[in-house]
Amino acid sequence: MSMENENITHRKLTTASGRPYAEHENTQSVGSRGPLLLQDFILHEKMAHFNRERIPERVVHAKGSGAYGTFKVTHDITRYTKAKIFSEIGKSCRIFLRFSTVGGEKGSSDAERDPRGFALKFYTEDGNWDLVGNNTPVFFVKDPKKFSDFIHTQKRDPRTNLKSPTMMWDFWSLNPESLHQVMILMSDRGTPLTYRHMDGFGSHTYSMINAENERVWVKFHFKTQQGIKNLDAAQASQMHAVDMDHAQRDLVEAIDNKEFPKWTLKIQVMTEAEAKSFRWNPFDLTKIWPHAEFPLIEVGEIELNQLPNNYFAHVEQAAFAPSNLVDGIGFSPDRMLQGRILSYADAQRYRLGINYEQIPVNRCPFMVNNFHRDGQMRIDENGNDDPNYFPNSFGDVVPDQAYKEPAWELDSNVADWYDRNAGEGDNDHFTQPGDLYRKVLSTEDRKHLVNNIVGSMNGINGPRRMQIINLQLCHFFRADIQLGMAIAKGLGVDVEQAMSSRH
Ligand code: NDP
């Protein structure tokens, strides 16, 4: 029953075990001023439950907002995929979408400069498909081994417990592959006006497999129909000061007012042959596929039209994992994707427990048949009296060979930490950030980008300040000389002197 409903019909207050009881506010005591009685178990239940209200906060993407909605197919892509969700134009499917900031704690501001999470769950008839992306097409690192180190730099300094621009820029300056995402983050797209006014990306390269078992590589783009709108740095600080929850508020108000936000789903497709000759590694999460070479192909539309009636039950307990794919959509050799296949499901098992897929927001509404049994918080029928082992001679749950993916042909049979055959393109961390600066950003966008970078880098302090600044400046120069010059000028760095001191 909603707190806004005026026609209240009363229901009996009960303990967690369902026993109605009479006294909710006063504890049983000896006389009116005497000590409390241990036997008032309702006091224990209330205090104990309250002590356990918080579950582990997500280590990243802790602050989030979510809503249910629908996905509808508008264009036929069955030549690329046999996924049932895309089987015919007009077909629709229920979805849940969770937006988030990445580095901040659960109580942090929605106006932080940060990528925004864009995590989608499609409840398809072939199982739940989670597309767990961001509002940017690229990421800071391309190998999952670097992820925890990178995230530590976005969190708090171990001594001061403060956010530290020194840690951030130290890491970025030593990892030039971060440059592309750093540029997007430092542009005004790093502070979207609301969650409705930003694009979403699957970010990784995935694969699609069609009915003939042919594979293509694919990237997913969700283009906002509300238009891109951002806060500039001053507006973001102002928003931070007046409303820490402005993006949550905006989403609630928009859906309550029936202004249902929508995004158009488009894909880029690359054949296996094109991937082999592409000048960059098509599976590198720090790079995009240029639109001119791999045009966006329209697929469908998502609409958010239902707020969950309980935030914790649905948004906090929503568990996304890139390992949740459906038949017709597959993985790729993207190293970050491969790492996330492990880390996301693992994080949910830690945060919510081994049976987290049974929580209503995560539960597949169609079929779930397997031999998993027991474990904490098992809340379904636990397989009833069906066999709990396989193979068996009694049950009817069997693997279906129709769901087998075509085999992968690998490029190499050498196991190593580095790709000895990596082309020049693999270590080119500068062309695409340069393209963004030169070809995409307006004069106004560039001005804001430079100011935002200078403002942030001015926060670098300590004995390594100039070393970090000079190294990072080199990366900006390699992307674009004008960009490097503008940032150096903003930081008051004498470029000639800095260059000569390096020789
Ligand atoms: P296009 O000119 O075809 O596309 C430019 C893209 O840049 C558009 O998707 C646009 O988004 C987006 N964009 C505009 N401003 C920003 C910003 N401040 N931060 C991030 N993205 C922005 O170019 P190309 O495909 O040839 O790519 C050129 C550069 O554009 C890339 O190096 C990359 O930095 C950036 N980019 C490319 C994307 C891709 O998938 N090809 C995706 C996003 C960015 P919108 O349409 O919403 O305005």
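All values reported here derive from a predicted model rather than from experimental measurement. What you see as residue numbers is a count from 1 along each chain, following the sequence as written. Only residues with pLDDT of 70 or above have their local features reported here, since the model is predicted, and side-chain atom pairs are shown and tallied only from 80 upward, although totals for entire chains, interfaces and linings are computed over all residues. With hydrogens and water stripped out, all remaining heavy atoms of the structure feed into the side-chain values.

Draft legend 1. Here's a closer look at the packing of aromatic side chains. When the centres of two rings from Phe, Tyr and Trp lie within 6.5 Å, Trp using its six-membered ring, the rings pair. Their planes under 30 degrees apart give stacked, over 60 give edge-to-face, and anything left gives tilted. What the rule picks out here adds up to 27 aromatic pairs. Positioned above the aromatic ring of Tyr68 is the side chain of Arg94, whose terminal nitrogen or guanidinium carbon lies 4.2 Å from the ring centre. We call a charge positioned above a ring when the Lys NZ or Arg CZ atom is no farther than 6 Å from the ring centre and deviates by at most 35 degrees from the ring normal. Its guanidinium or amino end placed over the ring of Tyr437, Arg446 lies 4.9 Å from that ring's centre, counting from NZ or CZ.

Draft legend 2. Geometry of the pairing of strand 2 (residues 92-101). Most of strand 2 is tucked away: eight of the ten residues are buried. Whether two strands pair comes down to DSSP finding at least two bridges between them. Comment: elements are numbered from the N terminus, with helices defined as DSSP H or I runs of at least four residues and strands as E runs of at least two. Sheet topology note: the strand 1 (residues 64-73)/strand 2 ladder contains nine bridges and is antiparallel. Residue pairing for strand 2: Lys72 is matched across the bridge by Ser92. Here strand 2 pairs with strand 3 (residues 116-124) via seven bridges, running antiparallel. Think of it in three bands: with a 1.4 Å probe and only protein chains considered, a residue is buried below 20% of the maximum accessible area for its type, exposed above 50%, and partly exposed in between.

Draft legend 3. Focus on the pairing of strand 6 (residues 206-209). Residues Tyr206 and Met208 point to one face of strand 6 and Ser207 and Ile209 to the other, with burial holding for every one of them. One ladder, built from four bridges, connects strand 6 with strand 7 (residues 215-224); its direction is antiparallel. Residue Met208 lies in a different strand from strand 7, and its bridge partner there is Val216. In textbook terms, the turn of a hairpin is the stretch between consecutive antiparallel strands, and for strand 6 and strand 7 this stretch comprises five residues, one of which, Asn213, has a positive phi near 65°. Bridge analysis of strand 6 against strand 10 (residues 329-330) gives two bridges, and the strand direction is antiparallel. Looking at the pairing, Met208 lines up with Ile329 of strand 10.

Draft legend 4. View of the site of the ligand. Inspection of the region around the ligand gives 19 residues, with His180, Arg189, Asp199, Trp289 and His291 positioned closest. The side chain of Asp199 places a nitrogen or oxygen atom 2.7 Å from an oxygen atom of the ligand. The backbone of Gln432 places a nitrogen or oxygen atom 3.1 Å from an oxygen atom of the ligand. Each accessible area is a Shrake-Rupley estimate made with a 1.4 Å probe; only the visible protein chains count as cover when residues are assessed. Its free accessible area being 780 Å², the ligand has 78% of it covered by the protein chains. Listing elements by their share of the shell around the ligand, those giving two or more residues are helix 4 (179-186), strand 7 and helix 10 (431-440). A molecule or strand has a residue near it when one of that residue's heavy atoms lies within 4 Å. Polar contacts, as used here, are pairs of N or O atoms within 3.5 Å; protein pairs need one atom able to donate a hydrogen and one able to accept it. Residues neighboring in sequence count only if both atoms are side-chain atoms.

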